[in-house]
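Below are the chains, spelled out letter by letter.
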Amino acid sequence: MKSGNDILVVEDLKKYFPVKTKGKQELFVKAIDGVSFSLKPGETLGLVGESGSGKSTVAYDVVGMYSPTSGSIRFKGREIGMLLRERPLPLKKEIQIVFQDPGTSLNPKRTVYKILELPLRIHKICEPKDYVKYVARLMDLVELPYEYMFKYPSALGGGERQMVAIARALATNPQLIVLDEPTSALDVSVQAKIINTLLRLQKEMNLSYLFITHDLSLMRNVASRVAIMYLGKIAEIAPTEDFFRSPRHPYTKMLLSSIPVVSPEEEKYRPERIESRGEIPSPVNVPAGCSFNTRCPFAMERCLKEDPVPVALDAEGLHMARCHLLEMRG
Amino acid sequence: METHIKEQDNRVVDVKNLFISFRTFKGYTKVLNGVNLHVRRKEKIAIVGETGCGKTTTVYAIAQILAKQARVDGGEIFFKGRDSLRMNEKELKQLRASGISVIFQDPIASLNPVFTIGDQMAEVIRYSGIEGARDPRVQRERTVAALRETSLPDPERLMENYPFQLSGGMRQRICIAMSLATPRDLVIADEPTTNLDVTIQDQVLKILRQRVEEKQSALILITHSLGVAREVADRIYVMYAGNMVETAGAEELFRECLHPYSRGLMSCIPKLSGGGIASGIPGHLPSYYAPPPGCRFEPRCPHAMPRCKQAMPPMYEAAPGHCVACYLYERGTSA
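Residues numbered from 1 in each chain as written. Chains lettered and ligands numbered in written order. Predicted model: local features only at pLDDT ≥ 70, side-chain atom pairs only at ≥ 80, totals over all residues. Heavy atoms only, no water.

K.L.:
Quick question: what am I supposed to make of the sheet that holds strand S7 (residues 186–190) of chain B here?
P.N.:
Backbone-to-backbone hydrogen bonds pair the strands of a sheet. The strands run either parallel or antiparallel. Residues and elements named next belong to chain B. Reading across from one edge, S6-S7-S8-S3-S9-S10-S12-S11 is the order of the eight strands in this open sheet, with mixed pairing throughout. One side of each edge strand has no neighbouring strand; the edge strands of this open sheet are strand S6 (100–103) and strand S11 (316–319). Along the sheet, successive strands turn relative to each other by an average axial angle of 20°, direction set aside. The sheet contact formed by strand S9 (residues 235–240) and strand S10 (residues 243–249) spans six bridges and is antiparallel. When the sheet's bridge partners are listed, Arg235 is paired in S10 with Gly249. Set on the sheet, helix H11 (residues 260–268) makes contact with S9 and S10; between it and S9 the angle comes to about 100°. (Pairing = 2+ DSSP bridges. Helix = DSSP H or I, 4+ residues; strand = E, 2+ residues; numbered from the N terminus. Axes fitted to C-alpha atoms, helices over the stretch in contact; angles between N-to-C directions. Contact = heavy atoms within 4.5 Å.)

K.L.:
For this particular structure, what's the right way to read the pattern of salt bridges?
P.N.:
Between side chains of opposite charge, a pair can form as their charged atoms come close. Residue and element names in this part refer to chain A. Under the defined criterion, the tally for this structure stands at 40 salt bridges over all chains. Ionic pairing is found between Glu50 and Arg295, a salt bridge with its closest N-O pair at 3.2 Å. Here the residue Glu50 occupies a position in the loop between strand S3 (44–49) and helix H1 (55–63), and Arg295 occupies one in the loop between helix H11 (264–267) and helix H12 (301–305), the gap between them amounting to 245 residues. The exposure class assigned to Glu50 is buried, which follows from its relative accessible area of 2%. Since its relative accessible area comes to 1%, Arg295 is described here as buried. (Salt bridge = Lys/Arg side-chain N within 4 Å of Asp/Glu carboxyl O. Buried < 20%, exposed > 50% of the residue type's maximum accessible area, 1.4 Å probe, protein only.)

K.L.:
I tried to follow the nonpolar core on my own but got confused; where do I start?
P.N.:
Nonpolar side chains in soluble globular proteins tend to be buried together. Grouped together as the largest cluster of nonpolar side chains are 160 residues, with contacts concentrated most on Leu216 of chain A together with Leu37, Ile62, Ile174, Leu186 and Ile220 of chain B. The residues contacting Leu216 of chain A, other than those within four sequence positions of it, are Val48, Val226, Ile228, Phe243, Phe244, Leu255, Leu256 and Ile259 of chain A. (Core = buried A, V, L, I, M, F, W, Y, C linked by side-chain atoms within 4.5 Å.)

K.L.:
Please explain H1 of chain A as it appears in this structure.
P.N.:
Along an α-helix, a turn takes 3.6 residues, which lines up residues three or four apart on a common side. All names here are of chain A. Across the nine residues of H1, eight count as buried, placing the element largely inside the fold. Regarding H1, the residues found buried are Lys55, Thr57, Val58, Ala59, Tyr60, Asp61, Val62 and Val63. One or two steps after H1, the chain reaches Gly64, where phi turns positive at roughly 95°.

K.L.:
For this particular structure, what's the right way to read unusual backbone geometry?
P.N.:
Among all residues except glycine, the phi angle is most often negative; among peptide bonds, the trans geometry is most common. All names here are of chain A. With a phi angle near 60°, Glu143 is a residue other than glycine that sits in the positive phi range. Checked against the element boundaries, Glu143 lands in the loop between helix H5 (131–141) and helix H6 (158–170). Although it is not a glycine, Asn173 adopts a positive phi angle of roughly 55°. Mapping Asn173 onto the fold places it in the loop between H6 and strand S7 (176–180).

K.L.:
Looking at this model, I keep getting lost on the interface of chain A and chain B. Mind explaining?
P.N.:
Many analyses report the size of an interface as the accessible area lost when the parts associate. Taken together, the contacts link 40 residues of chain A with 38 residues of chain B. When the buried surface of chain A facing chain B is broken down by residue, Asn221, Val262 and Glu279 of chain A rank first, second and third, together holding 21% of it. Linking chain A with chain B are three salt bridges, by the criterion used here. Summed over the shared surface of chain A and chain B, the result is 22 residue pairs in polar contact (both at pLDDT 80 or more). Put simply, the parts of the chain that give the side of chain A that touches chain B at least two residues each are helix H7 (188–205), helix H8 (216–222), helix H10 (250–258) and H11 of chain A. (Buried area = accessible area lost by both parts, 1.4 Å probe. Polar contact = N/O pair within 3.5 Å; in protein donor to acceptor, adjacent residues only side chain to side chain.)

K.L.:
Before we go on, may I ask you to explain the packing of aromatic side chains in this structure?
P.N.:
Pairs of aromatic rings are described using the distance from one ring centre to the other and the angle between the two planes. By the definition in use, this model includes 14 aromatic pairs over all chains. Ring centres 5.7 Å apart and planes at 75° place the aromatic pair Tyr60 of chain A and Tyr66 of chain A in the edge-to-face group. With a relative accessible area of 17%, Tyr60 of chain A lands in the buried category. The exposure class of Tyr66 of chain A is partly exposed, given its relative accessible area of 28%. Feature note: the residues Phe17, Tyr60, Tyr66 and Phe99 of chain A constitute an aromatic cluster, connected by ring pairs. It is Arg71 of chain B that lies over the ring of Tyr28 of chain B; its NZ or CZ is 3.7 Å from the centre. (Phe/Tyr/Trp six-rings, centres within 6.5 Å; stacked < 30°, edge-to-face > 60°. Lys NZ or Arg CZ within 6 Å of the ring centre and 35° of its normal.)

By themselves these figures say nothing about function.
Structure follows, in structure tokens:
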């Protein structure tokens, strides 16, 4: 993986959470176990996975809610693997997050104006007399009417609340926004509006998005690159076009063939039907070898013992997958 | 609506012009606005719509498990030819014990946390009225068989487990096993896979479809996902703000949906084949306190005409078996 103008570089990131010990041996939830990726300015990386795959932990590590167990996270060349309270203020300004549920991420006791004013105050974005003007500008960005300034989050619909959360993230002029399933609690017609707003803002402000989701069909339409996570590791990562044209990892194929689609054209994107079976194992008890071996229809003896390393599947090394089958094919 | 009259006898459920409102602090919310729906024997239908459109209210009315605040303002619900709105307590008990079973969205809330899976399944069988229902041995046999048929591994051990010891997908499969442990005329599945991951959803839907077919029950599946409806249902109803706005066979609907709302909804779905997402449907669901007197979609509709404001359009049959509640299709699809 080349870095140069990459805005965010994550290398061999690990995050273990200790869980209650049984006997002497201490147990860990290996939420992330060696994840590497990078993000260019103006790019969207879709981080896709089932629940328990560690995708949100990656997001929280990047914004500083957790500090990594090992590995590095570099933002514009600077190491940022420290906890949030140790991060310098200017750095916090650059990286913002939008959470899944705006019902709990917005303070119910504050009006929309108060919510949007707080980051301006903390980061000294503008003079106090200009707060109103600035808040109005933020509301313009997400196309909310000005009278909403005096409403409380409880008076807004789910989609509008999420727009407020997005406006709050934009208040500090960040370069990187982590989107942690921003639309999975919303209806599709509302989702469509939010996604279109996010795409427009990205173009206007050259934002980079780290988009966490479980929805592959959404990523097809939003992301420039897609990474599939399984049990704390990236199973496959590729540019979107390439990813959907020729998925290589058995897990990716299983995911793609499980998606309910609405048209025959889409069915062509699920060419080899891989029957979904089994469930994602507990991250406390990760299977030895390749972590997917319990569900993989192609599992071989080698998969039970050896964890595969990422294999580059194209000349530039943009399409990578971790599977012994692909190693053999070269 | 008049199209299937000859098949009337085959209808397990027939909802006619149902109006339901809910009492709130601010008055009554008029939620269901003349719902018509029917399910034939062995038929699998899906009701698709967004949050708050009244899908759950419709099926809760069918199962007669509406909240106390609900008031039926008009209409009829026939279950196997009998009006279930006029049933007494004993008949209703019978209806729920052996007629209809419901699979809810959240299995952790619908399973009792302090009883084992085996106990809970035995209870369902005990009240079902099948032969030997009160015999613990029969209950056990039935339970094991039901769990096995739902492809759950190691049923004997599973029966000793409590719900919290199982994963989300397993719990939902238990609910499916439970709802089909004894013969049922109708199974209602209310967003059964919304909380599940896509690979697990695939497994659960497959089992649900398979089991309903084996047991020759009818199925009403509620979902907000058109894709899920397409996987499971023979026929689909699209619901908006308390009205069925369109119904058609699954294949027909996905070939061409007609109602402006269905079209808007379809264009919002992110497709695996790419091509971007439409900009959404402008506006909001109308307030149920004072809904528009005419078509409830009129305020958001790109094709709204003056007459749409006056009266709710009836169902027009635009193509055989494809009905749309929209004045655009008064003269079939040619309009």
